[in-house]
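Structural features, examined
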Amino acid sequence: MPGLAVKSPPDAPPLRISLPEQQQQQQPSSTSIPPRTPNKKLLPSPSPSRSKPSPARSSKKPPPDDDSSLDNPDLGPFLLKLARDTIASGEGPTKALDYAIRAAKSFEKCQLDDQPSLDLVMSLHVLAAIYCSLGRFDEAVPVLERAIQVPDISRGPDHALAAFSGNMQLGDTYSMLGQVDKSIACYEEGLKIQIQTLGETDPRVGETCRYLSEAHVQAMQFDKAEELCKKTLEIHRAHSEPASLEEAADRRLMALICEAKGDYEAALEHLVLASMAMIANGQENEVAAIDLSIGNIYMSLCRFDEAVFSYQKALTVFKSSKGDNHPSVASVFVRLADLYQRTGKLRESKSYCENALRIYTKPVPGTTAEEIASGLTEISAIYESVDEPEEALKLLQKAMKLLEDKPGQQSTIAGIEARMGVMFYMIGKYEEARASFESAVAKLRVSGERKSAFFGVVLNQMGLACVQLFKIDEAAELFEESRRILEQECGPCHHDTLGVYSNLAATYDAMGRVEDAIEILENVLKLREEKLGTANPDFEDEKSRLAELLKEAGRARNRKAKSLENLIDPNSRRMKKDSTKKWGFRL
């Protein structure tokens, strides 16, 4: 997960605690706010070591592999240095892993009961980092859990640093495993320790707040993300010069949050201020990246001419500074393709899609799989919107193949699988649709997004696929879970929640639970009449369905069950061009 480097003001007094080393070394080259994807390799967090072997000693042969000599207090530092030197020499992490394990055992044996060993903490951080470099994240977790139990914060800032670093490294590891909720809990604990040690207004507290805000964005918890980002902005404005790079980065994150919440005017204001700061600091490429984001906001506001102007400005800079075949150029092509599709200029839209695909098909060196997958996913949404689901599906499959072996991409893959489920549904492949939704749901449950509105929408879509396969009981369970989540996250009057109500009522009717279906439809009509108005065309449809159910409720119990095709909300079966909007997919 990309972190943001600590940049203290030049006249600030020396500070005794800092962000963990892995955050400092992961500073993005751009101040844009990319998806918070963990890096493959987690570096150990710094903590003091009580002794360091001399260069002469480091050249000695490794000690024997038996554990009989591990109670020697000089052995732990020696083995730890061997582990680091082995990694630095390129000999491979497997040999370093053995040294790190033995070093941790030695420090553990030599630790006094009443004196927590920071050397032990350091060795555990190194050991966990090696496990992560080998892709063995599950094994790194218990090591880091042990590491955060050792320090005693009451013993001073060194122990506080060790505890803070351990929590942040553990949070990064959970993020690599896709367990976002556990990751956020670790970051929050780290922030709590840092505030306790440094106070609430220290610049490094601001950096951690921004780091945690990005984690909440990843989890789609935008209210909490906004609260933390505001705090970050306040701290940086107090400690930095006006129009600083730190403030610009904060404003770009705030713009992302505002855009996600639908507050486009506020997002535009933050982006303009960020652009002015970047111009003042001579950051031409960053200004272009912000112009791209400004174009996105203009397009959301249907100010298409201004959006085109912003996109063209960004395109000119990217071509001149990075070359015609850089993925940044392709990203502008994708945005222009989307704009022209929305304005009905399909020929221009297709041309820009083809130009972007040409760049993604033959990427320049240094292009990451995540960049290509993101571009392919965006292009697939455009093909879907012009009623070409087969082509969209091919692009989504390519994107998922690029990410399937990448750690920390579970949530992204789940989103792609959900989109693939929609495509399969649109072309009538309901078994494949259900399988894609099921896989997406499983990943979202693990990642901590099981309470998000998106998760509720995916459950609803999976329920519709089950209906088409006549798996009625399973569909009912999915609709019920979706209803609980969407009521909590969106409220009962949201169109996604109302859609689930309608689907659940139809499913209950098909199961013979007529009274439950009547109760739901009566509630829906009451909501529409009292809060939403009756002009919506769905109102008349639901009213007639309710009247029919009430009429049939007085009949004998031997009435024939209705066909699901006639019972399910007709809008839910229209899974063509506007289906994703109807059911809340944000493509």
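Residues numbered from 1 in each chain as written. Predicted model: local features only at pLDDT ≥ 70, side-chain atom pairs only at ≥ 80, totals over all residues. Heavy atoms only, no water.

An unreviewed UniProt entry lists the protein under the name MalT-like TPR region domain-containing protein, with Rubroshorea leprosula as the source organism.

**Comments concerning the state of the cysteines**
Threshold: Disulfide assignment relies on a single distance test, namely cysteine sulfur atoms paired within 2.5 Å. A simple rule labels every residue: compare its accessible area, found with a 1.4 Å probe on the protein chains alone, to the largest value its type can have, and call it buried under 20%, exposed over 50%, or partly exposed in between.
By the definition in use, this model includes zero disulfides. Of the cysteine sulfurs around Cys-229, a residue in no disulfide, the closest is that of Cys-258, at 8.4 Å. Assessed through its relative accessible area of 0%, Cys-229 is described here as buried.

**Thoughts on the packing of aromatic side chains**
The cut-off we apply is this: A pair of Phe, Tyr and Trp rings is counted when the ring centres sit within 6.5 Å of each other, with Trp represented by its six-membered ring. The angle between the planes then sorts it: under 30 degrees is stacked, over 60 is edge-to-face, the rest tilted. Where helices and strands are cited, they refer to DSSP runs of H or I of at least four residues and of E of at least two residues respectively, numbered from the N terminus.
Counting across every chain of the model gives four aromatic pairs. Between the aromatic rings of Tyr-187 and Tyr-211, the centroid separation amounts to 5.3 Å while the plane-to-plane angle is 65°, which identifies the pairing as edge-to-face. With a gap of 24 residues between them, Tyr-187 in helix H8 (residues 180-198) and Tyr-211 in helix H9 (residues 203-218) connect regions that are remote in the sequence. With a relative accessible area of 1%, Tyr-211 lands in the buried category. Considering the side-chain rings of Tyr-340 and Tyr-352, the 5.8 Å spacing of their centres and the 5° angle between planes classify their relative orientation as stacked. Placement of Tyr-340 in helix H15 (residues 327-342) and of Tyr-352 in helix H16 (residues 346-361) is noted, with a sequence separation of 12 residues between them. The residues Tyr-340 and Tyr-352 share a single accessibility class, namely buried. Members of the aromatic cluster, connected to one another through ring pairs, are Phe-333, Tyr-340 and Tyr-352.

**Quick word on the UniProt feature "repeat: TPR" (unreviewed entry) in the protein**
Which entries qualify depends on this criterion: UniProt positions are given in the numbering used here, feature names are shortened, and annotations may be inferred rather than shown by experiment.
The residues that UniProt annotates with the feature "repeat: TPR" (unreviewed entry) are residues 288-321, 373-406 and 498-531. Helix makes up 91% of residues 288-321 and strand 0%. Its end C-alpha atoms lie 10 Å apart. Across residues 373-406, the secondary structure splits into 82% helix and 0% strand, with the terminal C-alpha atoms separated by 11 Å.

**With respect to the packing of helix H4 (residues 93-110) against helix H5 (residues 118-133)**
Note the following rule: An axis is simply a line fitted to the C-alpha atoms; with a helix, the fit covers only the stretch in contact. Between two such axes, the angle follows the N-to-C directions and lies from 0 to 180 degrees. Reported orientations rely on four angle classes, namely roughly parallel under 35 degrees, roughly antiparallel over 145, roughly perpendicular from 65 to 115, and oblique for the rest. A crossing counts as left-handed when the near helix is turned anticlockwise from the far one by less than a right angle, and as right-handed when that turn is clockwise. Any two residues whose heavy atoms approach within 4.5 Å at even a single point are treated as in contact. For this scheme, ten residues count as nonpolar: Ala, Val, Leu, Ile, Met, Phe, Trp, Tyr, Cys and Pro. Four count as charged, namely Asp, Glu, Lys and Arg, and the remainder, Gly too, count as polar.
Between H4 and H5, the shortest axis-to-axis distance is 9 Å and the interhelical angle comes to 155°. As far as their axial angle goes, H5 and H4 are roughly antiparallel. Judged by the twist between their axes, the crossing of H4 over H5 is left-handed. Contacts between H4 and H5 involve Pro-93, Ala-96, Leu-97, Ala-100, Ile-101, Ala-103, Ala-104, Phe-107 and Glu-108 on the former and, on the latter, Asp-119, Leu-120, Ser-123, Leu-124, Leu-127, Ile-130, Tyr-131 and Ser-133. In terms of residue class, the contact of H4 with H5 is built from 13 nonpolar, two polar and two charged.

**Remarks on unusual backbone geometry**
Although it is not a glycine, Asp-387 sits at a positive phi angle of roughly 65°. Looking at where Asp-387 falls in the secondary structure, it is placed in the loop between helix H17 (369-385) and helix H18 (389-403). The backbone of Phe-470 shows a phi angle near 60°, a positive value even though the residue is not glycine.

**Brief notes about the pattern of salt bridges**
Defined as follows: Basic side-chain nitrogens of Lys or Arg form a salt bridge, by our definition, when they fall within 4 Å of a carboxyl oxygen of Asp or Glu.
The tally for this structure, following the rule as stated, stands at 25 salt bridges. Close ionic contact of Glu-227 with Lys-224 constitutes a salt bridge, the shortest N to O distance being 3.8 Å. Residue Glu-227 and its partner Lys-224 are located together in helix H10 (residues 222-239), separated by three residues, close to a single helical turn. Using a relative accessible area of 32% as the deciding quantity, one classes Lys-224 as partly exposed. Here Lys-443 makes a salt bridge to Glu-417, at a shortest N to O gap of 3.3 Å. Here Glu-417 lies in helix H19 (residues 410-426) and Lys-443 lies in helix H20 (residues 430-447), a separation of 26 residues in the sequence. Through salt bridges with shared partners, one network takes in Asp-223, Glu-226, Lys-230 and Lys-261.

**As for the side chain of Arg-335**
Within the fold, Arg-335 resides in helix H15. Filtering out sequence-adjacent residues up to four positions away, Arg-335 remains in contact with Leu-292, Asn-296, Met-299, Tyr-311 and Glu-378.

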